[in-house]
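Chain by chain, the residues:
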Amino acid sequence: MSTSARTPAAAVATIGDIPLLDHHCHGVTTETLDRATFESLITESDWAAPEGTTHFDSQLGFAIRRYCAPVLGLEPFATPEAYLDRRRELGGSEASERLLRATGISDYFIEVGHRGDEILDPAGMATAARARAFEVVRLERLAEELVLAGCDAAGFGAAFARVLDERLEHAVGVKSIAAYRIGLDFTPGPPSEGDLESAVAAWLERTAAGAPVRLDDPVIVRHLLWAAVDRGCAIQFHIGYGDADVDLHRCNPLLLTEFLRRTRESGARVLLLHCYPFHREAGYLAQVFPHVYFDVGLAINYTGSRSDEIIAETLELAPFHKILFSSDAFGAAELYFLGALLFRRGLERALDTFARRDDWPAAERRRIAELIAWRNARRAYRLDDDVFAEAERP
Amino acid sequence: MSTSARTPAAAVATIGDIPLLDHHCHGVTTETLDRATFESLITESDWAAPEGTTHFDSQLGFAIRRYCAPVLGLEPFATPEAYLDRRRELGGSEASERLLRATGISDYFIEVGHRGDEILDPAGMATAARARAFEVVRLERLAEELVLAGCDAAGFGAAFARVLDERLEHAVGVKSIAAYRIGLDFTPGPPSEGDLESAVAAWLERTAAGAPVRLDDPVIVRHLLWAAVDRGCAIQFHIGYGDADVDLHRCNPLLLTEFLRRTRESGARVLLLHCYPFHREAGYLAQVFPHVYFDVGLAINYTGSRSDEIIAETLELAPFHKILFSSDAFGAAELYFLGALLFRRGLERALDTFARRDDWPAAERRRIAELIAWRNARRAYRLDDDVFAEAERP
Amino acid sequence: MSTSARTPAAAVATIGDIPLLDHHCHGVTTETLDRATFESLITESDWAAPEGTTHFDSQLGFAIRRYCAPVLGLEPFATPEAYLDRRRELGGSEASERLLRATGISDYFIEVGHRGDEILDPAGMATAARARAFEVVRLERLAEELVLAGCDAAGFGAAFARVLDERLEHAVGVKSIAAYRIGLDFTPGPPSEGDLESAVAAWLERTAAGAPVRLDDPVIVRHLLWAAVDRGCAIQFHIGYGDADVDLHRCNPLLLTEFLRRTRESGARVLLLHCYPFHREAGYLAQVFPHVYFDVGLAINYTGSRSDEIIAETLELAPFHKILFSSDAFGAAELYFLGALLFRRGLERALDTFARRDDWPAAERRRIAELIAWRNARRAYRLDDDVFAEAERP
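Residues numbered from 1 in each chain as written. Chains lettered and ligands numbered in written order. Predicted model: local features only at pLDDT ≥ 70, side-chain atom pairs only at ≥ 80, totals over all residues. Heavy atoms only, no water.

A. Examining the overall build of chain A more closely. When helices and strands are tallied, chain A shows 19 helices and seven strands. Computed over the C-alpha atoms, the radius of gyration of chain A is 21 Å, within 12% of the 21 Å expected from 2.2 N^0.38 for a compact globule of 394 residues. C-alpha atoms of chain A, sized along the principal axes, occupy 65 × 50 × 40 Å. Among the 394 residues that make up chain A, the fraction classed as buried is 66%. Residue pairs at least 24 apart in sequence account for 77% of intrachain contacts in chain A once pairs closer than 6 positions are excluded. (Helix = DSSP H or I, 4+ residues; strand = E, 2+ residues; numbered from the N terminus. Rg over C-alpha atoms; globule rule 2.2 N^0.38 Å. Buried < 20%, exposed > 50% of the residue type's maximum accessible area, 1.4 Å probe, protein only. Contact = heavy atoms within 4.5 Å.)

Right, here's the structure in full:
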């Protein structure tokens, strides 16, 4: 085992200077957080830990104590109490900025459709993180906003097309939570106009009768997806694990196979997000379909000391030009910081292992690391250097 | 690699003094075993190995030769013939006691519903192992006993409630083999009284017509589960691999997702057993649902030299307060001994790895080890110290 | 870590003298290949890599540059351009022979039903590789040939029986691509004669109307499988990953469970091919069913530097007498060479790890290695030594 594999500091040094493009995350909160709120941000559970236990007793909790505590001026493995005291002492803004500015992330692609009032928007993120920030539009949220604004069934298709086009003038791509709302085993083709109008009418009736404006109709969700396909968008899909609202067995990316066949020549690119525990399946899809990319964002944070293995498992079937970095962080600045730190470390160690086993040259390791860290994302999203030059860091 | 990671002896020394609570196992046999019977106990296959081969040529077989042989006074890697000769020479009782008493297991939670006439009951296990033994009731067996005793369809619901209450005066929890009998993709809610009565009537008709009294009706199985839920029980579920009678693709714990949502506030706790090869899926459920716990019992024994990796894979998404130890041993004393030995070793090595990677402090590693070894089970089963103080070891 | 685990050369030395029986592969091409053709042979994708990328940027591509380049007289990690120039300079025949003759594969079981006009037949392979070569018949292709030859619906059953019997006079087994054509979730029993005839009639109508002669009717495929079962054949099944034509979620070997139960006493043996990412599931089936064997052929090549882990994962539940070697190579000689090299290395390292952890004796490691390398295949295919003595190497 090489020295760099032993010591995180050394590991990071080697590829630590490569900027990261975080192609999927949400905004950070700058609130000063009480313990219950903070604990709710470091788990995918919607509920408090059982009495007598804490969400800090997890890989993520240990990683926070080990690596985030020093960023806030504490010793490694400070207790949860000491950590949260210090975090409050600094204040939510200062703590978040310290952590964000230590990530080495140069670009954030930020999905804005989830609990947007609690977190910073892209401009706020850019300032807090001293980085570039770009917007990703959540398709389902866009449709819900139309309904909330009073759109009728006959006008839905045209209205959606218009707002999507408007948003895509600035946004770098779209995101779908079809996995949550209808499962990935949906009918792969687009619905007819008539079916769409009927489905929207039924949805409007339900909301008129008092149901919350929550899009979970498969016909409508499929329409949104094909609207994005027709525009040749970069389309992010929630895949694999999330909170208790997801039926994880319906989030296997293989269920998208026929959809991927039908969209192969459309010009759209499909970005499979997080994917755990189906990351090997995602790697297969990334090999066989030219327009498919994937990452294991969320799982890197949540598996902490085990993330090295998860990252190595992503480097099997997928071509090196199809793997992306994301943190999938939401709310807690710790998640961006650890997402970046653990990703750099895991990738470095995997490449070191390959060098030990198979003599991969240093230049090739560096090249592969840059592909995964940011170059693949720029290609997948079809963004040229000008886009990044224009989007100056604050 | 640290010294403790190299040598099992040293590895065990560090956490070897932590007592284990084996929250799911069966009774041991004290018979003196011929080769065919012994081979049948060291595989999940229902059949002999193909001609010219032996079930000893497996991870489990190699672990027996490596670690159990010395307990019986032989050199490591004695041949299968020498091992079985020595075992017969000692006699089944002596061999079993030597192995059981070397496990370091202080408490056995023993499921009594499977082939009970061939193996020791909890009292017998307590004596043989010099440990505490507690009973776990198999729900499906309880229902089958009612039918064998002549219960009629109209009286089934009340009779089942009565015998379940009686058994729960002593038992620490219940077990369901719904995975085997109906698959885990069952309708998640409880059946109506009318549906139950009809289903029992149909079952009684089948048995009256000569069918074996084997409960595989989904309506009745769901009733048993909800009887346990309504009592706020600790409910063990067979998950993942077992013998050839199981449809493994219907034993994925994710299929329980909706059942878990509906039982979250019931007070019941759900213990997912063994889980391989779905242990990552089980870890997800243990993170997002406050009442879900899991172990990888059976797989530890059967993967032998590879069990370190399996155990490490359980330490990803699941909070450390949700992981349990079990051997899932049945019949052969070797399975309890190896279950304990390999578990201690695998957990120690995983924690050593995390210490090497991320500096986990020794005190924290010890604390986590104790949680998984026995504390989590006491909490999950809601057993306070008095219960264990009263249940004196023989 | 032992020296042998560090250095491929040393690792190969230890079990490098064990001949390999490649129980599933296709023929090699001896054409002189342009870059596009070569790239199409080193991916399971049916399409070129996206603009600006290359299929060489993959585990397989790196393994070719590292290990095949020296066989052709280049330095390790020659560029793709230099590698292909040198390959063209040598010519397709010379390059292929060099690589094949460096594999240490003594026996090839060659499936002849896929793109047979582009690749060498078994006799050609024997000469090119200086090895023995045996034929495996693709069931679906045999049926398609009957239809192309003008067989009618009423005569299909008898005609298929006749040609199958004829082919089995020489072939060592059969192969089914049911996974591709109908998914593995097919009705497990054989169809009736009437159902078969109707299904063939419908197929003939479709082809008469201009459809390509491509067998994807589940009734007919089931008939072919049961014809093989009734003859007590060795039956290879495509399992797990392949090209974009496969619905991978319908290629889980667990879907065969009921078929395996029904064929257990038939005398047939079932060989599960490649299996990734379902190799743990395959290992379970190999443990519980006496007539089930498996390998991870294709995945070894395609995961390159990660193949050590994949191979280790196959050594969990499966008895050591149920695991086979294959390359699943097609076309490019590099795939046979790397399949053999990476398999030897991965198996050696896994056994070294078990020796380090659990003191596996050298003689036992050697014995297990020989089982997996060739002895298990001879037993599974019921081929005695005479068969191999008669089939002299060219």
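B. Highlighting the UniProt feature "domain: Amidohydrolase-related" (unreviewed entry) in chain A. The UniProt record marks residues 123-383 of chain A with the feature "domain: Amidohydrolase-related" (unreviewed entry), using the residue numbering of this structure. Helix and strand shares over residues 123-383 of chain A are 54% and 10% respectively, and the end C-alpha atoms of the span are 19 Å apart. (UniProt positions renumbered as here; feature names shortened; annotations may be inferred.)

C. View of the interface of chain A and chain B. With 44 residues of chain A at the interface, the matching set in chain B holds 34 residues. Taken together, the two surfaces of chain A and chain B that pack against each other cover about 3,400 Å², and 53% of this comes from carbon and sulfur. Area buried by chain A at its contact with chain B is led by A:Trp47, A:Asp57 and A:Arg306, which between them contribute 18% of it. B:Arg357 is the partner of A:Asp308 in a salt bridge, and the nearest nitrogen-oxygen pair spans 3.5 Å. Contributions of two or more residues to the side of chain A that touches chain B are made by helix 4 (59-71), helix 15 (297-303), helix 16 (307-313) and helix 17 (333-358) of chain A. Looking at the side of chain A that touches chain B, the element that brings in the most residues is helix 4 of chain A, giving five residues. Here the residues of the side of chain A that touches chain B sort into 17 nonpolar, eleven polar and 16 charged. (Buried area = accessible area lost by both parts, 1.4 Å probe. Salt bridge = Lys/Arg side-chain N within 4 Å of Asp/Glu carboxyl O. Nonpolar A, V, L, I, M, F, W, Y, C, P; charged D, E, K, R; others polar.)

D. Region of the structure containing the nonpolar core. One finds A:Phe156, B:Phe156, C:Phe156 and C:Phe160 to be the most contacted residues of the largest nonpolar core, which totals 451 residues. For B:Phe156, the contacting residues outside a window of four places in its chain are B:Ala143, B:Leu146, B:Cys151, B:Leu196, B:Val200, B:Trp203, B:Ile220, B:His223 and B:Leu224. (Core = buried A, V, L, I, M, F, W, Y, C linked by side-chain atoms within 4.5 Å.)

E. Summary view of the packing of helix 17 (residues 333-358) of chain B against helix 18 (residues 362-380) of chain B. All names here are of chain B. One way to put it is that helix 17 packs onto helix 18 with a least axis distance of 11 Å and a crossing angle of 150°. With respect to helix 18, the axis of helix 17 lies roughly antiparallel. Read as a crossing pair, helix 17 and helix 18 show a hand that is right-handed. Each of Phe-343, Leu-347, Leu-351, Asp-352 and Ala-355 in helix 17 lies in contact with helix 18, whose residues at this interface are Arg-365, Ile-368, Ala-369, Ile-372 and Ala-373. Taken together, the residues of the contact of helix 17 with helix 18 sort by class into eight nonpolar, no polar and two charged. (Axes fitted to C-alpha atoms, helices over the stretch in contact; angles between N-to-C directions. Parallel < 35°, antiparallel > 145°, perpendicular 65-115°, else oblique. Left-handed = near helix turned anticlockwise from the far one by under 90°.)

F. Quick peek at the pattern of salt bridges. Per the counting criterion, the structure on display carries 117 salt bridges over all chains. A salt bridge links A:Glu135 to A:Arg167, with the shortest nitrogen-to-oxygen separation between them at 2.7 Å. You can see A:Glu135 sitting in strand 3 (residues 132-138) and its partner A:Arg167 sitting in helix 9 (residues 153-168), a full 32 residues away along the chain. When the shortest N-O distance is used, the salt bridge between C:Arg349 and C:Asp308 registers 2.5 Å. Of this pair, C:Arg349 sits in helix 17 (residues 333-358) while C:Asp308 sits in helix 16 (residues 307-314), and the two are 41 residues apart along the sequence. Judged by its relative accessible area of 8%, C:Arg349 is buried. Here the salt bridges do not stand alone but share partners, grouping A:Arg280, A:Glu316, A:Arg357, A:Asp358, C:Arg306, C:Asp308, C:Glu309, C:Glu313, C:Arg345 and C:Arg349 into one network.

G. The packing of aromatic side chains, seen in detail. As enumerated under the stated definition, the model contains 60 aromatic pairs over all chains in all. A ring pair is formed by A:Tyr284 and C:Tyr241, whose centres lie 5.9 Å apart and whose planes are at 80°; its orientation type is edge-to-face. With one member in each of two chains, A:Tyr284 in helix 14 (residues 279-288) and C:Tyr241 in the loop between strand 5 (234-239) and helix 13 (257-263) form a pair that bridges those chains. Its relative accessible area of 1% is what places A:Tyr284 among the buried residues. What makes C:Tyr241 buried here is its relative accessible area of 0%. Geometrically, the ring pair formed by C:Phe325 and C:Phe343 is tilted, given 4.6 Å between the ring centres and 45° between the ring planes. Of this pair, C:Phe325 sits in the loop between helix 16 and helix 17 while C:Phe343 is found in helix 17, placing the two residues 18 residues apart along the sequence. Comparing C:Phe325 with C:Phe343 shows no difference in burial state: the two are buried. Above the plane of the ring of A:Phe62 lies A:Arg65, whose end atom (NZ or CZ) is 5.2 Å from the centre. The ring of A:Phe388 has A:Arg378 sitting right over it, with the charged end atom 3.6 Å from the ring centre. (Phe/Tyr/Trp six-rings, centres within 6.5 Å; stacked < 30°, edge-to-face > 60°. Lys NZ or Arg CZ within 6 Å of the ring centre and 35° of its normal.)

H. Looking closely at the relation of the copies chain A and chain B. Once turned by 120° and shifted 0.0 Å along the axis, chain A lies on chain B with an RMSD of 0.0 Å. The symmetry that links the two subunits is that of a three-fold axis. Residue by residue, only 2% of the interface of chain A is reproduced at the interface of chain B, so the copies engage with different surfaces. (Least-squares fit on C-alpha atoms with pLDDT ≥ 70 in both.)

I. Expanded view of the interface of chain C and chain A. Counting residues at the interface gives 44 residues for chain C, matched by 34 residues for chain A. Interface of chain C and chain A: buried area, both sides summed, is about 3,400 Å²; carbon and sulfur atoms make up 53% of it. Seen at the junction of chain C and chain A, the total is nine salt bridges. Where C:Asp57 meets A:Arg367, a salt bridge forms, and the shortest distance between an N and an O atom there is 2.8 Å. Taken together, chain C and chain A are joined by 24 residue pairs in polar contact (both at pLDDT 80 or more). The element contributing the most residues to the side of chain C that touches chain A is helix 4 (residues 59-71) of chain C, with five residues. Split by residue class, the side of chain C that touches chain A holds 17 nonpolar, eleven polar and 16 charged. (Polar contact = N/O pair within 3.5 Å; in protein donor to acceptor, adjacent residues only side chain to side chain.)

J. View of the relation of the copies chain C and chain A. Note on the copies: chain C fits chain A at an RMSD of 0.0 Å, the axial shift is 0.0 Å, and the rotation between them is 120°. Each copy contacts the other with its own distinct surface, as only 2% of the interface residues of chain C are interface residues in chain A too.

K. Highlighting helix 6 (residues 92-101) of chain A. Residues and elements named next belong to chain A. Buried within helix 6 we find Gly-92, Ala-95, Ser-96, Leu-99 and Leu-100. The buried side chains of helix 6 occupy one side of the element, clustering within an arc of 125° when seen end-on. Buried residues along helix 6 sit in contact with helix 4, helix 5 (80-90), strand 2 (105-111), helix 7 (122-129) and helix 17. (Arc of directions from axis to C-beta.)

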